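# Working through the structure, step by step
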Amino acid sequence: MTRRIKTEAPDLTAVEVRVLIALARLGSEAYGVAIADELTGVTGRDTSIAAVYAALDRLDRLGLATAQLGSPLPERGGRAKRHYLLTPRGREVLKREHDLAMALWRGIVSGTSESDR
Amino acid sequence: MTPPRWSRRLLEILTRADLRDALLDDLDEAFARQVAARGRARARRWYRRQCVRSVPSLMALRRQSIASSDAPGLLARIRVATGPAIRHAFRRLRATPGFTTAAVATLGLALAANLATFALVDAVLIHPLPYADADRLVDVGHWTPGLGQARAGQAHGGWTFYRRENRTFTSMAVYNQNMVNLTGGGVAAERVNISMVSPDFFPTLGVAPLHGRVWGGDDEGPHAPLVVVLSYQLWTRRYGGDPAIVGQAIEVNGLPRQVAAVMPAGFAFPTPDVELWMREGFDPNETRFGDLAYGSVGRLKPGVTVAQAEADLNALASRLPEQFSDVRQWSRNGAPLRARVEPLKAVVVGDMSRSLLVALGAAALMLILSGANVANLFLIRSERRLRDTGICRALGASPWALFLTNLAESSLVAAGGGAFAAVLVPAALRLLSVRAAQFLPRVDETHLGARSWIWLGLLMVSASLVLAAVAHWRSRHARAHDVGRGLSASRSRVAMRHTLAAVQVALALALLVGAGLLGRSFWNLITEPLGFESARIETFETDLPFRGYSKFADVARFYQTMLERVRALPGVEAAGAVSDLPLSGYTIKRYLNSDVVIDRPGQSPDEVRGVRWKLATPGYFETVRIPIVRGHWFSPGDRFDASIIPIVVSQSFARRLGGDAIGRRLHHVDDPRWCTVVGIVGNVRDDDVRSDMSDAVYVPVLDQTFSNPFNPSTMQVAIRVSGRPEAIVPDIRAIVSSIDSKVPVADVQTLDAIVARARARDAFIASLVGMTAALAVLVGMVGLYATFAYTVSLRRHELSIRVALGATIARLAADVARPALVLVGAGLLCGGLMAWLASRAIGSLLFGVGTHDGLTFVLAAVLVGGVSLVAIAGSLRRLRFVNAVQALQPE
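Not measured: the values here are computed from a predicted model.

### Some points on the overall build of chain B
- In terms of regular secondary structure, chain B is built from 25 helices and 22 strands.
- The buried share of chain B, reckoned over its 891 residues, is 51%.
- When contacts within chain B are restricted to residue pairs at least 6 apart in sequence, long-range pairs at least 24 apart make up 81% of them.
- About 39,400 Å² of surface is accessible on chain B, with carbon and sulfur atoms providing 60% of the total.

Structure (structure tokens):
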């Protein structure tokens, strides 16, 4: 049985969805390196920081995430980290993506588990 | 700990401005963590990997910003317009790696050859000399129409007179060159090149010292204190780069001299090996004109031309006889001494300019050839895509859009070639500046400056435009109905391909003829007898200090003792010393050209100019194997009648003496004592490998010899050994220092090395053009092969029908080969004609071979023709795959 999920949200790439998830997990601690680390930890593969920024930039344009500069840091020569936060709309889209994924996976996971037996 | 510099720089360039700081700081932070966790090397690898993997993301970021911005700038709009074309072209090139590699490598090699030669030409010929207002600096000298000397120097009296009376110069300086011993300071004795200069030398050149103060024009006169100026190299090498050396005294030829200044790095005038300058105490009120033994450099007043300056000085030169009585020696047959003014740069660069321009010409031909080759590849490619193009046009693509597609592809290929050149050339130039420093003036100034990069850019842009035009020309008439048509017809495109192939054959032949002429000329230089044998000979130079060696006999005794001990060493076959070894360059430095007065019984003595006056010890001729033709040379301990001074003359000079030279008398122009010819020896090439054998007089250095105008204390020693010449050097040093520890052993080198250096310039140009030609033949022949292999593959359908109708493969091969042979013949004819016309340009570089040397032309034509046949035969092998079954398949 399938359930239709309304998706008014834009089409996101796999990397963008993963970055969205990482933003949700990291909360206020999310910035380039932390997000890349988070993704590396989950996927087990080294993540390109530039790819993270490309995804963040698009999420920012779509209004799903927002950039904020932290306080200046001496180890960065007086420059601040660029933090990213999930917007309410971002949270909404993430929820939908989650539901969509769950809906999509439900049948298949049970199917495979049956055939495995 | 910093990340890899170039990777970081690349990221900096690629990253969009608003994200640049954040991204780079993040990467730095992650890099620091990688260093802590995995070590420096792995962290750097990680960073480079990040950099490479970032490129697509960073490009995507830039595109996003352009696409979303409201009012994109012109650049952004161009990027949006061309971006898809470039991406498309990139993908298509990636799909055909064979084509792309061949095109990029061919173009890249040619671009590299052009960039490298242009950088050389730029540094040597275009770039001004490294002095303030260098275009106002001129070389001042004379020429002596009556004596046939085209380039003579300046004389002391001439300098003071010109300097006082001229109206076109702001200043004028004189200099000459010598070598001195540096001793003291607890460091080993050293022999360095010194330039003795007039007080206004440095102000004229407009060079400021690094430390201290150089003297000005006011410190004049013969009694001004004798001070020296150090070169940067000498200062760092011998005095540890200590600025406190200024004001202190150093020991020059055993005498204390105060250091006035240190010059900046890179300053070396008049020759690159000068390391010390000493002010000579010239008398501004000199009454003698003197010898033309000095170099002179002048600075013109602003706006004055070289011709005006020369006219000004010539007006003064005509007044010289009123001023100086001894100036008449420079005029003969009513032709007086004339002044000569030339731009300083032309004098510094000398005759290398033609060699460099020839190299640049060869590189340009190579580029045209490679261009023709790649154009052919593009043509073939565009034919393969004719149907696609026809469909595109039918769907409404404008010709401009189609041209853009081709341009994007050719630009990428040109950019790849340019990048290839940009990577290859700096390394090649570094190698070159080390190898060519000996004979190529200013080569150490070679670097890839803005002009070189602009040159490369221009070549790249022209190459991509021409290639795009060729490809576009082919597809401009593509129509939708081509879609259904076969590919094997069309005369025009066959003609275009064949013309390009013929151009390659022609250019390959022209280059090969040039290389062949230069190669034969070089071979002639190598095989031309020098008059002596250089194998297994070690040489070095000694200079005896004045104290302790003021008498000729003391000097002779030193050399006698040293040579005796050297000869006793195991493995030494012979040893001797001479004032200047042939081809060593010392002849010119020491002004040993001199005049000789010949006694003619019953008539007034005859004066002969330009005879080499040399000093040689017993054993010298045996060591370098100069044959003794008649009479005899001396053995150690020989005594002779004190009333005669015995000398030996060269064969060519003996001929000038006329009749039987043995027993004739002559004397040096400055020393009235008569010398008697007792022997005749073989001729030797002294100045350079191209010059004629020189007239020479050898005076023996025996402890009984007369003192003569030349200082016998500086000699070059030659030692012939049975083994490796270098192995004997420690023993030599030990012997010299055991006789006198104050005598330096300098300029240690084998005679082979001296000869090789004398030939190096010819070897350089011959190998440069030779390599270009070899590359040209290779590229040209690969192009020829590709053209005909493609022709065969295009005609496969037609050929297979003929096979089905009963034609033999041999018949087909003859049909395919016929136009190919015609084309090669046409190419050879054009190439031969081109070489015939162009070989004049290298005429002055050739030695012993004419510019229209038949043998070279024939051999080059046979070689190019032969290789062409091989290439054509190779392409015919494709006929094996033609069979009757293919006739049934659709084209």
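### What to know about the overall build of chain A
- Scanning chain A for helices and strands turns up four helices and two strands.
- Shown N-terminal to C-terminal, the secondary structure of chain A runs as helices and strands in the order α-α-α-β-β-α.
- In chain A, buried positions account for 38% of the 117 residues.
- Long-range contacts, defined here as pairs at least 24 residues apart, represent 51% of the contacts in chain A between residues at least 6 apart.
- Of the roughly 7,100 Å² of accessible surface on chain A, a fraction of 54% belongs to carbon and sulfur atoms.

### A short note on helix H14 (residues 399-435) of chain B
- In this model, H14(B) (37 residues) spans 51 Å end to end at C-alpha, consistent with the 54 Å of a helix rising 1.5 Å per residue.
- At Val425(B), H14(B) is bent by approximately 25°, the largest bend along its length, and proline Pro426(B) sits one to four residues beyond.

### Here's the deal with the interface of chain A and chain B
- Of the residues lining the interface, 20 residues belong to chain A; the matching set on chain B comes to 23 residues.
- Of the roughly 1,900 Å² buried where chain A meets chain B, counting both sides, 46% is carbon and sulfur surface.
- The interface formed by chain A and chain B contains six salt bridges.
- Its salt-bridge partner being Arg79(A), residue Asp25(B) comes within 2.8 Å of it at the nearest N-O pair.
- Taken together, the elements giving at least two residues each to the side of chain A that touches chain B come down to helix H2 (32-43), helix H3 (49-61) and strand S2 (79-86) of chain A.
- Tallied by class, the residues present in the side of chain A that touches chain B amount to eight nonpolar, three polar and nine charged.

### Structural notes on the nonpolar core
Residue and element names in this part refer to chain B.
- Residues Leu-440 and Leu-784 are the most contacted members of the largest nonpolar core, which totals 99 residues.
- Broken down by secondary-structure element, the contributors of at least two residues to this core are helix H5 (97-126), helix H12 (352-384), H14, helix H15 (450-475), helix H16 (491-527), helix H22 (751-794), helix H24 (809-838) and helix H25 (854-876).
- Not counting residues up to four positions away in its chain, the partners in contact with Leu-440 are Leu-120, Met-352, Leu-356 and Phe-764.
- The next biggest cluster of nonpolar side chains, apart from the first, holds 45 residues, and it includes Ile-680, Val-697, Val-701 and Val-745.

### With respect to unusual backbone geometry
Residue and element names in this part refer to chain B.
- Note the cis peptide between Phe-269 and Pro-270, where omega equals 10°.
- Relative to the helices and strands, Pro-270 resides in the loop between strand S8 (255-262) and strand S9 (274-279).
- Its identity as a non-glycine residue notwithstanding, Asn-253 has a phi of 50°, on the positive side.
- Along the chain, Asn-253 turns up in the loop between strand S7 (249-252) and S8.
- A positive phi angle, near 55°, is found at Arg-536, a position not held by glycine.
- Along the chain, Arg-536 turns up in the loop between H16 and strand S12 (537-543).

### A word on the environment of Leu360(B)
All names here are of chain B.
- Here Leu-360 lies in helix H12.
- Judged by relative accessible area, which is 17%, Leu-360 ranks as buried.
- Between the C-alpha atom of Leu-360 and that of Leu-120, which follows or precedes it by 240 residues, the distance is 9.1 Å.
- Leave out the neighbours within four places in its chain, and Leu-360 touches Asn-114, Thr-117, Phe-118 and Val-121.

### Examining the pairing of strand S1 (residues 137-144) of chain B
All names here are of chain B.
- Most of S1 sits inside the fold, with seven of its eight residues counted as buried.
- Across three bridges, S1 lies against strand S10 (residues 295-300) in antiparallel orientation. The residue bridging Val-138 from the neighbouring strand is Gly-298, located in S10.

### Structural notes on the pattern of salt bridges
- Per the counting criterion, the structure on display carries 47 salt bridges over all chains.
- Its salt-bridge partner being Asp46(A), residue Arg53(B) comes within 3.9 Å of it at the nearest N-O pair. Of the two residues, Arg53(B) sits in helix H3 (residues 40-68) while Asp46(A) sits in the loop between H2 and H3, which places them in two different chains.
- For Arg53(B), a relative accessible area of 35% corresponds to the partly exposed category.
- Three or more residues are tied together by salt bridges with common partners; here these are Asp37(A), Arg76(A), Asp26(B), Glu29(B) and Arg33(B).

### Quick notes on helix H9 (residues 306-317) of chain B
Residues and elements named next belong to chain B.
- The terminal C-alpha atoms of H9 lie 16 Å apart, and with 12 residues this matches the ideal 16 Å at 1.5 Å per residue to within 8%.
- The set of residues buried in H9 consists of Ala-309, Asp-312, Leu-313, Asn-314, Leu-316 and Ala-317.
- On its buried face, H9 sits against S1, helix H6 (156-165), strand S3 (169-183), S10, helix H10 (320-323) and strand S11 (338-343).

### Considering the side chain of Lys614(B)
Residue and element names in this part refer to chain B.
- Turning to its location among the elements, Lys-614 is positioned in strand S15 (residues 606-616).
- The class of Lys-614 is buried, set by a relative accessible area of 1%.
- The residues touching Lys-614, leaving out its near neighbours within four places in the chain, are Ser-579, Asp-580, Asp-686, Val-697, Tyr-698 and Val-699.

### What about the packing of H5(B) against H12(B)?
Residue and element names in this part refer to chain B.
- At a closest axis distance of 9 Å, the pairing of H5 and H12 adopts a crossing angle of 160°. When the axes of H5 and H12 are compared, the pair comes out roughly antiparallel. Relative to H12, the crossing made by H5 is left-handed.

### Considerations on the packing of H2(A) against H3(A)
Residues and elements named next belong to chain A.
- Relative orientation of the contacting elements H2 and H3 amounts to 105°, with a least axis distance of 9 Å. The angle between the axes of H2 and H3 places the two elements in the roughly perpendicular class. Facing H2, whose interface residues are Gly-32, Val-33, Ile-35, Ala-36 and Leu-39, H3 presents Ile-49, Val-52, Tyr-53 and Leu-56.

### Here we look at a positive patch on the surface
Residue and element names in this part refer to chain B.
- On the surface, Arg-38, Arg-42, Arg-45, Arg-48 and Arg-49 cluster together into a positively charged patch.
- The greatest single-element share of the positive patch, amounting to four residues, is contributed by H3.
- Tracing the chain through its elements places Arg-42 in helix H3.

### Things to note about the side chain of Arg381(B)
Residues and elements named next belong to chain B.
- Among the secondary structure elements, Arg-381 is positioned in helix H12.
- At 2.9 Å, the side chain of Arg-381 forms a polar contact with the side chain of Thr-96.
- Apart from the residues within four sequence positions on either side, Arg-381 is in contact with Arg-92, Leu-93, Thr-96, Phe-99 and Glu-409.

### Observations concerning the environment of Arg279(B)
- Among the secondary structure elements, Arg279(B) is positioned in strand S9.
- Remark: the alpha-carbon pair of Arg279(B) and Pro199(B), spanning 80 residues in sequence, is separated by 6.1 Å.

### So, the environment of Met834(B)
All names here are of chain B.
- One can find Met-834 in helix H24.
- Separated by 321 residues in the primary sequence, Met-834 and Val-513 have C-alpha atoms spaced 9.8 Å apart.
- Sequence-distant contacts of Met-834, defined by excluding residues within four places in its chain, comprise Ala-506, Leu-507 and Ala-510.

### What to know about the packing of aromatic side chains
Residue and element names in this part refer to chain B.
- As enumerated under the stated definition, the model contains 25 aromatic pairs over all chains in all.
- Their ring planes at 75° and their centres at 6.0 Å tell us that Tyr-131 and Phe-267 sit as a pair that is edge-to-face. Note that Tyr-131 is positioned in the loop between H5 and S1 and Phe-267 in the loop between S8 and S9, a separation of 136 residues in sequence.
- Residue classification places Tyr-131 among the buried residues on the basis of a relative accessible area of 11%.
- Between Trp-836 and Phe-857, the ring centres sit 5.6 Å apart and the planes meet at 70°, which makes this aromatic pair edge-to-face. With a gap of 21 residues between them, Trp-836 in helix H24 and Phe-857 in helix H25 connect regions that are remote in the sequence.
- A residue is classified by how much of its surface remains accessible, and Phe-857, at 12% relative accessible area, is buried.
- Grouping aromatic residues by their ring pairs yields a cluster made of Tyr-131, Tyr-175, Phe-201, Phe-202, Phe-267, Phe-269 and Trp-277.

### A closer look at the confidence of the model for chain A
Residue and element names in this part refer to chain A.
- For chain A, per-residue confidence averages 82 on the pLDDT scale, and residues scoring 70 or more make up 85% of the total.
- At the level of individual helices and strands, chain A shows its lowest average pLDDT in helix H4 (residues 88-116), which scores 77, and its highest in H3, which scores 92.
- For residues 1-7, every residue scores under 50 in pLDDT, and the model assigns this stretch four contacts once sequence neighbours within four places are set aside.
- Note on residues 113-117: pLDDT is under 50 here. Beyond four places in sequence and across chains, it has zero contacts.

About the cut-offs
- Residues numbered from 1 in each chain as written.
- Chains lettered and ligands numbered in written order.
- Predicted model: local features only at pLDDT ≥ 70, side-chain atom pairs only at ≥ 80, totals over all residues.
- Heavy atoms only, no water.
- Helix = DSSP H or I, 4+ residues; strand = E, 2+ residues; numbered from the N terminus.
- Buried < 20%, exposed > 50% of the residue type's maximum accessible area, 1.4 Å probe, protein only.
- Contact = heavy atoms within 4.5 Å.
- Areas by Shrake-Rupley, 256 points an atom, 1.4 Å probe, with all protein chains shown as cover.
- Expected span 1.5 Å × (residues − 1).
- Bend = angle between axes of the 7 residues up to and from the residue.
- Buried area = accessible area lost by both parts, 1.4 Å probe.
- Salt bridge = Lys/Arg side-chain N within 4 Å of Asp/Glu carboxyl O.
- Nonpolar A, V, L, I, M, F, W, Y, C, P; charged D, E, K, R; others polar.
- Core = buried A, V, L, I, M, F, W, Y, C linked by side-chain atoms within 4.5 Å.
- Pairing = 2+ DSSP bridges.
- Axes fitted to C-alpha atoms, helices over the stretch in contact; angles between N-to-C directions.
- Parallel < 35°, antiparallel > 145°, perpendicular 65-115°, else oblique.
- Left-handed = near helix turned anticlockwise from the far one by under 90°.
- Patch = residues over 30% accessible without salt bridge, like charges linked within 9 Å, V, L, I, M, F, W, Y side chains within 5 Å.
- Lys, Arg positive; Asp, Glu negative; His and termini not counted.
- Charge placed at Lys NZ, Arg CZ, Asp CG, Glu CD.
- Polar contact = N/O pair within 3.5 Å; in protein donor to acceptor, adjacent residues only side chain to side chain.
- Phe/Tyr/Trp six-rings, centres within 6.5 Å; stacked < 30°, edge-to-face > 60°.
- pLDDT = per-residue confidence, 0-100.

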